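# Residue-level structure breakdown
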Amino acid sequence: MKTTELRQKDVTGLQAEVKALQKAHFGLRMQKATQQLNNTATLRTARRDIARAKTILVEKQAAVPSAK
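Residues numbered from 1 in each chain as written. Predicted model: local features only at pLDDT ≥ 70, side-chain atom pairs only at ≥ 80, totals over all residues. Heavy atoms only, no water.

We now examine the overall build of the chain. A tally of regular secondary structure across the chain gives three helices and zero strands. Reading the secondary structure of the chain in the N-to-C direction produces α-α-α. At 14 Å, the chain has a C-alpha radius of gyration far larger than the 11 Å of a compact globule built from 68 residues. With respect to the three principal axes, the spread of C-alpha positions in the chain is 50 × 25 × 15 Å. Taken over 68 residues, the chain has a buried fraction of 22%. Counting only contacts in the chain whose residues sit at least 6 apart along the sequence, the fraction spanning at least 24 positions is 64%. With the model as given, the accessible surface of the chain reaches about 5200 Å², and the carbon-plus-sulfur share is 54%. The centroid of the 14 positive side-chain charges in the chain is displaced by 8 Å from the centroid of its 5 negative side-chain charges. (Helix = DSSP H or I, 4+ residues; strand = E, 2+ residues; numbered from the N terminus. Rg over C-alpha atoms; globule rule 2.2 N^0.38 Å. Buried < 20%, exposed > 50% of the residue type's maximum accessible area, 1.4 Å probe, protein only. Contact = heavy atoms within 4.5 Å. Areas by Shrake-Rupley, 256 points an atom, 1.4 Å probe, with all protein chains shown as cover. Lys, Arg positive; Asp, Glu negative; His and termini not counted. Charge placed at Lys NZ, Arg CZ, Asp CG, Glu CD.)

The following block contains the structure:
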C-alpha cells in the first residue's frame, strides 16, 4: 500500500488497516509454516506495509492533541 493512500485515512481507518494487515501477515506465516506459501517475499512486503501504516498512525496521533 502506498503512503499517499495511508495518509488520506483518518486515525480509526489506519487502526483498522493495521489490524487487517496484521491478520493477513498471520495468514501468510501460517501458510509458510505448512509449506503452502510459494512466494516468501510476500512476508517481507507485509511486514513493511504494517510498519508503514503504524508509522503514519503514530504521526497522526501525535498531531492530534488528546483531551485529558
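Taking 1.5 Å per residue as the helical rise, helix α2 (residues 11-33) with its 23 residues ought to reach 33 Å, and the 33 Å between its terminal C-alpha atoms agrees with that figure. Among the residues making up α2, those that are buried are L14, E17, V18, L21, H25 and L28. Positive phi shows up at Q35, right after α2, with a value of about 60 degrees. (Expected span 1.5 Å × (residues − 1).)

What follows deals with helix α3 (residues 41-63). Owing to its 3.6 residues per turn, the α-helix brings residues three or four apart onto one side. The terminal C-alpha atoms of α3, which comprises 23 residues, lie 34 Å apart, in line with the 33 Å expected from a rise of 1.5 Å per residue. Those residues of α3 that fall on the buried side of the exposure criterion are L43, A46, D49, I50, A53, I56 and L57. The inward-facing, buried residues of α3 contact α1 (3-7) and α2.

This part is about the packing of α2 against α3. Where α2 contacts α3, the two axes come as close as 9 Å, and the packing angle between them is 160 degrees. By the criterion of interaxial angle, the relationship of α2 to α3 is roughly antiparallel. The two elements α2 and α3 meet at a crossing, and its hand is left-handed. Only T42, L43, A46, R47, D49, I50, A53, K54, I56, L57, K60 and Q61 of α3 make contact with α2, whose side of the interface consists of V11, L14, Q15, V18, L21, Q22, H25, L28, R29 and K32. In terms of residue class, the contact of α2 with α3 is built from 11 nonpolar, five polar and six charged. (Axes fitted to C-alpha atoms, helices over the stretch in contact; angles between N-to-C directions. Parallel < 35°, antiparallel > 145°, perpendicular 65-115°, else oblique. Left-handed = near helix turned anticlockwise from the far one by under 90°. Nonpolar A, V, L, I, M, F, W, Y, C, P; charged D, E, K, R; others polar.)

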